[in-house]
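So you can see what is in the structure, the chains are spelled out below.
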Amino acid sequence: MRIAYSVETVRAAERDLMARLPRGALMQRAAAGLAAACAGLLGRVYGARVALLVGSGDNGGDALYAGARLARRGAGVTAVLLAPERTHAGGLRALRAAGGRALPASSDSASVSAEAVLAQADLVLDGIVGIGGKGGLRPDAERLIRAVRGTMVAVDLPSGVDADTGEVRGPAVRADATVTFGTYKPGLLIDPAHEHAGALRLIDIGLAPHLPATPDAEALQHHDVAALLPRPSAESDKYRRGVVGVVAGSARYPGAAVLAVAGALRGGAGAVRYVGPAADAVIARFPETLVHSGPPHKAGRVQAWVVGPGLGDDPAARQSLDDVLASDVPLLVDADGLRLLPSGDLRSRGAATILTPHAGEAAALLGVAREEVERSRLAFVRALAEHYGATVLLKGSTTLVCSGPGSGPVRVNPTGTGWLATAGSGDVLSGLTGSLLATGLPAHDAASAGAYLHGLAARHATTPSGAPIAAYDVATALPEVWRDVLLG
């Protein structure tokens, strides 16, 4: 599992650790790991051209000390100083002692311009701003970044992105790789900042014993999801494995019902009950489905409900939503169900509720612009979870799962892919997650595992040639994904 902590928490842990170490030892640990990572990216250090973009803080010091280590191995290292009078003095001395050189970011007297150095470098270290930076790059830094042609490696975090939130509120570095120290930061995992980070590498500097047990954010990996997934025992039958009810589809959108049922049948539950007007279409594709014309409470016993995909907004749709909201079992609300959702707190239901909006639906629920949600995904998934008293799965380039204050870290799904931006893929996700909910998984785990499997299925369904896939291809790939996750 990748775990991430806020800047405040990281700073406190660093202070605690530094109090137990010789002066400067922590920075040397970070620089050693950074230099090793850069050497791996270069392949051959001797004779390589390395440029350092150096700001005024400790982030610049990390870059300078790492540059000194590379210079001692035969690389030609040049530091471009954005604030020469405030450059980390010890790091600059170390670089020069190792044979590296430094020049101001803007100087008419230099024999070669900073832009030329950056353009000719095989690898450039972004040590402009550290994890405490706010807002986008300043114009002089932005100008220099545009000159880079080689591999860009961010030191701890790409400059210009927000470490705590993943927001990017101005020009920012787009790194090919980010080498981060001690622990991940939420912004490295959450878009839009995650998109700026490139490949992530974590350097252990001994911070773990000084961090709290509960992180601010976490991203599940294969073995974490495998531990969550339900496995039938020898005594299981279809009812003991759980029954999920799907209330979806309409005369206009029968396919939504088919796709939601497709996901539900591959989500681990023992049976799927479908309630709605698209029964003929569902049975034609999935004859194992139990169908009923409604209302939902008369369809038979279920352990969880899924409501909303393709439901429409007529009185029958509203009645169906009210029916399942009144039930005493866990419930997942998606698509049209979100548009019909009452604005009040859902905690009074007495059973868990999962809401699965995309950015546009989240914006409508909170009365804000879609662009605000896309820019500040972490803030808005937390706001939705708190407002509704529900687990919220905010779909997008990085899907987030939050169950509200005091419920543990926000989960960041690492398996998303742009191929999921296709009609009906959300219907598959709803059925899949609702099925996991029916097996007995807590809402936070069901939403997290559902998003993880859904993303992997899209990757499996994508052909080597990159040909487009459809939502049903994602559902079809789910059994193979289950096998891969369970077998490790």
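By the naming in an unreviewed UniProt entry, the protein goes by Bifunctional NAD(P)H-hydrate repair enzyme and is assigned to Streptomyces lonegramiae. Of the comments in the UniProt record for the protein, the one headed Subunit (unreviewed entry) reads "Homotetramer."

**Q** What am I meant to see in helix α16 (residues 377-388) here?
**A** Along an α-helix, residues three or four positions apart point the same way, because every turn accommodates 3.6 residues. Compared with an ideal rise of 1.5 Å per residue, which puts 12 residues at 16 Å, α16 spans 17 Å between its outermost C-alpha atoms and is within 8% of the ideal. When α16 is considered as a whole, its buried residues turn out to be Arg-377, Leu-378, Phe-380, Val-381, Leu-384, Ala-385 and Tyr-388. On its buried side, α16 packs onto β15 (353-355), α14 (359-366), α15 (370-375), β16 (391-394), β17 (400-402) and β18 (410-412). One or two positions beyond α16, positive phi appears at Gly-389, with a value near 65 degrees.

**Q** Explain the packing of aromatic side chains here, please?
**A** The geometry of an aromatic ring pair is captured by the separation of the ring centres together with the interplanar angle, meaning the angle of the planes. The final tally for this structure, using the stated rule, is 1 aromatic pair. Aromatic side chains Phe-286 and Tyr-472 sit 6.5 Å apart centroid to centroid with 40 degrees between the ring planes, which places their arrangement in the tilted category. In this pair, Phe-286 is assigned in the loop between α11 (279-285) and β12 (290-292) and Tyr-472 in helix α19 (residues 471-487), connecting sequence segments 186 residues apart. Under the relative-accessibility criterion, Tyr-472 is labelled partly exposed at 28%.

**Q** Got a minute to help me understand the nonpolar core in this structure?
**A** What tends to happen in soluble globular proteins is that the nonpolar side chains get buried as a cluster. Membership of the largest hydrophobic core comes to 100 residues, with the highest contact counts inside it found for Leu-34, Leu-52, Leu-70, Leu-125 and Trp-305. Discounting residues that sit within four places of it in the chain, Leu-70 has contacts with Ala-35, Cys-38, Ala-39, Val-45, Val-50, Ala-75 and Val-77. Judged by nonpolar contacts, the second largest core, of 56 residues, contains Val-261, Leu-436, Ala-451 and Trp-482.

**Q** What is the right way to read the UniProt feature "binding site: AMP" (unreviewed entry) in the protein from this model?
**A** The sites that carry the UniProt feature "binding site: AMP" (unreviewed entry) are, in the present numbering, Lys-395, Gly-396, Ser-397, Thr-398, Thr-399 and Gly-426. These annotated residues cover 32 residues of sequence, but their C-alpha atoms sit close together, with the largest distance between any two at 14.0 Å. Looking at where Lys-395 falls in the secondary structure, it is placed in the loop between β16 and β17. According to the relative accessible area criterion, Lys-395 is buried, its value standing at 15%. Ignoring sequence-local partners within four residues, the contact set of Lys-395 consists of Asp-334, Thr-356, Pro-357, His-358, Ala-359, Arg-377, Gly-426 and Leu-429. Of the polar contacts made by the side chain of Lys-395, one reaches the side chain of Asp-334; its length is 3.2 Å. Considering the arrangement of structural elements, one finds Thr-399 in the loop between β16 and β17. Classification of Thr-399 as buried rests on a relative accessible area of 11%. For Thr-399, the side chain forms a polar contact with the main-chain nitrogen of Gly-396, separated by 3.4 Å.

**Q** What exactly am I supposed to notice about unusual backbone geometry here?
**A** Working note: non-glycine residues mostly have negative phi, and peptide bonds are mostly trans. Cis geometry marks the peptide bond from Asp-191 to Pro-192, where omega comes out at 10 degrees. Mapped onto the elements, Pro-192 comes out in the loop between α7 (186-189) and α8 (193-197). Pro-295 follows Gly-294 through a cis peptide bond whose omega is 0 degrees. By secondary structure assignment, the location of Pro-295 is in the loop between β12 and β13 (304-307). Although it is not a glycine, Asp-156 sits at a positive phi angle of roughly 75 degrees. Inspection of the secondary structure puts Asp-156 in the loop between β6 (151-155) and β7 (177-181). For Asp-156, a relative accessible area of 7% puts it in the buried group. Phi at Ala-335 takes a positive value of approximately 50 degrees, unusual for a residue other than glycine.

**Q** Explain the side chain of Ser-448 to me, please; I cannot follow it from the model alone.
**A** On the secondary structure map, Ser-448 appears in helix α18 (residues 443-461). In this structure Ser-448 comes out as buried when scored by relative accessible area, which is 5%. Ignoring any residue separated from it by four or fewer positions in sequence, one finds Ser-448 in contact with Leu-220, Val-401 and Arg-411.

**Q** Just to check I follow, could you spell out the pattern of salt bridges for this structure?
**A** Note on pairing: side chains with opposite charge can pair once their charged atoms come close. Per the counting criterion, the structure on display carries 19 salt bridges. Where Asp-484 meets Arg-483, a salt bridge forms, and the shortest distance between an N and an O atom there is 3.0 Å. Among the residues examined, Asp-484 registers a relative accessible area of 24% and is labelled partly exposed. Look at Arg-483 and you get partly exposed, because its relative accessible area is 45%. If you follow the salt bridges from partner to partner, you end up with Glu-218, Arg-411 and Asp-445 in one network.

**Q** I would appreciate a short explanation of the environment of Arg-339 in the present structure.
**A** Summarising the element assignment, Arg-339 is placed in helix α13 (residues 336-339). Here Arg-339 falls in the exposed class, since its relative accessible area comes to 54%. When the C-alpha positions of Arg-339 and Glu-361 are compared, they lie 7.6 Å apart, and in sequence the two are 22 residues distant. At a separation of 2.9 Å, a polar atom in the side chain of Arg-339 contacts the side chain of Asp-336.

**Q** What is the right way to look at the packing of α14 against α16 in this model?
**A** Helix-helix packing: each pair is described by the crossing angle between the helix axes and the interaxial distance. Interaxial distance between α14 and α16 falls to 11 Å at its minimum, and their mutual angle equals 50 degrees. Compared by their axis directions, α14 and α16 come out oblique. Both α14 and α16 take part in a crossing whose hand is left-handed. For the pair formed by α14 and α16, the contact residues are Ala-362, Leu-365 and Leu-366 on the first element and Phe-380, Ala-383, Leu-384 and Tyr-388 on the second. Taken together, the residues of the contact of α14 with α16 sort by class into 7 nonpolar, no polar and no charged.

**Q** Explanation requested: helix α4 (residues 89-97) in the structure shown.
**A** Residues of α4 that are buried include every one of Gly-90, Gly-91, Leu-92, Ala-94 and Leu-95, and no others. Those residues of α4 hidden inside the fold are in contact with β2 (49-54), α3 (58-72), β3 (76-81) and β4 (101-104). Backbone geometry just after α4 places Gly-99 at a positive phi near 100 degrees.

**Q** For this particular structure, what's the right way to read the sheet that holds strand β5 (residues 123-127)?
**A** Paired through their backbone hydrogen bonds, the strands of a sheet run either parallel or antiparallel. Spatially, the 7 strands line up as an open sheet ordered β4-β3-β2-β5-β6-β7-β8, and their pairing is parallel. Each end of this open sheet is capped by a strand with a single partner; those strands are β4 and β8 (199-203). The sheet shows a mean angle of 20 degrees between the axes of neighbouring strands, taken without regard to direction. Bridging between β6 and β7 involves 3 bridges; their strand directions are parallel. Counterpart to Val-155 in the pairing with β7 is Val-179.

The rules we used
- Residues numbered from 1 in each chain as written.
- Predicted model: local features only at pLDDT ≥ 70, side-chain atom pairs only at ≥ 80, totals over all residues.
- Heavy atoms only, no water.
- UniProt positions renumbered as here; feature names shortened; annotations may be inferred.
- Helix = DSSP H or I, 4+ residues; strand = E, 2+ residues; numbered from the N terminus.
- Expected span 1.5 Å × (residues − 1).
- Buried < 20%, exposed > 50% of the residue type's maximum accessible area, 1.4 Å probe, protein only.
- Contact = heavy atoms within 4.5 Å.
- Phe/Tyr/Trp six-rings, centres within 6.5 Å; stacked < 30°, edge-to-face > 60°.
- Core = buried A, V, L, I, M, F, W, Y, C linked by side-chain atoms within 4.5 Å.
- Polar contact = N/O pair within 3.5 Å; in protein donor to acceptor, adjacent residues only side chain to side chain.
- Salt bridge = Lys/Arg side-chain N within 4 Å of Asp/Glu carboxyl O.
- Axes fitted to C-alpha atoms, helices over the stretch in contact; angles between N-to-C directions.
- Parallel < 35°, antiparallel > 145°, perpendicular 65-115°, else oblique.
- Left-handed = near helix turned anticlockwise from the far one by under 90°.
- Nonpolar A, V, L, I, M, F, W, Y, C, P; charged D, E, K, R; others polar.
- Pairing = 2+ DSSP bridges.

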